[in-house]
Amino acid sequence: KEVYPLLVYFHGSGGRGDDNISQLTDAGAIESFLNQQLSKNYGCYILAAQVPSNEKWVNIPWESLFHKMPKISKSMRLLFEILDDIISNKDYYIDNNRIYAMGISMGGYGVWDAIQRRNNFFAAAVPICGGGDSSMCSEISSIPIWSWHGSNDQDISVQRSRDMHNGILNAGGNAKYTEVKKGEHDVWIDAWEEKSVWDWLFTKCL
């Protein structure tokens, strides 16, 4: 039987709550995915879990210029449990070799955290205006990663994405990085509207 890729979407801070709706409307993500016709063009499932109010995907201060990977957050642990349950459920026909991670802002941190915790699980990742533990770049250097950040981001320093990208390159990886000149914190709009991002992402396979 045919199997299908799964896009795991990590929402930003505006999507937090307990309504199981805000993560879908935050930043216009799901609407944008529909506009890009992801299901039609790439036949994918989308998983968008929700972080409770006042919690984070990764328990680090967003204003920090670097961090060491902390203990896994409750939200990330629960996401992994959901993910494992979904891919083991034969009713979904998930292609385990084509599971992708994408996230914005708080969710950008979530993407870096997830792929560093499970470096043989995701086929590719698109972290947008986030940051990770740059001392662990060698452990994810084989993962296809296309990170994005705005050069004028006032919320999360562009240095976070630069450090991760440079760390991967220094470890022999072949990551992609787009820094939107004069772009601010909402460069996810640029990423989502760039069709080559989707074409790139959905061709990746473990």
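The structure under discussion appears in the preceding block.
Residues numbered from 1 in each chain as written. Predicted model: local features only at pLDDT ≥ 70, side-chain atom pairs only at ≥ 80, totals over all residues. Heavy atoms only, no water.

1. A look at helix α4 (residues 74-88)
Argument step 1. The end-to-end C-alpha distance of α4 is 21 Å, a good match for the 21 Å that 15 residues give at a rise of 1.5 Å each.
Argument step 2. Every buried residue of α4 is listed here: Ser75, Met76, Leu79, Phe80, Leu83, Ile86 and Ile87. Down the axis of α4, the sector holding all buried residues measures 135°, keeping them to one side. Exposed residues on α4 whose side chains face more than 90 degrees from its buried face are Lys74 and Asp85.
Argument step 3. For α4, the elements touching its buried residues are β1 (4-10), β2 (45-47), β3 (94-104) and α5 (106-117). (Helix = DSSP H or I, 4+ residues; strand = E, 2+ residues; numbered from the N terminus. Expected span 1.5 Å × (residues − 1). Buried < 20%, exposed > 50% of the residue type's maximum accessible area, 1.4 Å probe, protein only. Arc of directions from axis to C-beta. Contact = heavy atoms within 4.5 Å.)

2. Regarding the nonpolar core
Argument step 1. Core analysis: the biggest nonpolar cluster contains 35 residues, and Val8, Phe10, Trp57, Phe122 and Ile145 have the highest contact counts within it.
Argument step 2. Among the elements of the structure, β1, α4, β3, α5 and α6 (158-170) are those that each provide at least two residues to this core.
Argument step 3. Residues within four places of phenylalanine 10 in sequence aside, it is in contact with Trp57, Met76, Leu79, Ala101, Met102, Gly103, Ile104, Gly107, Gly110, Val111 and Ala114. (Core = buried A, V, L, I, M, F, W, Y, C linked by side-chain atoms within 4.5 Å.)

3. Some points on the side chain of serine 105
Argument step 1. Position of serine 105 relative to the elements: it lies in the loop between β3 and α5.
Argument step 2. Assessed through its relative accessible area of 10%, serine 105 is described here as buried.
Argument step 3. Apart from residues lying up to four places away in sequence, serine 105 is in contact with Ile128, Cys129, Gly130, Ile156, His185 and Trp188.

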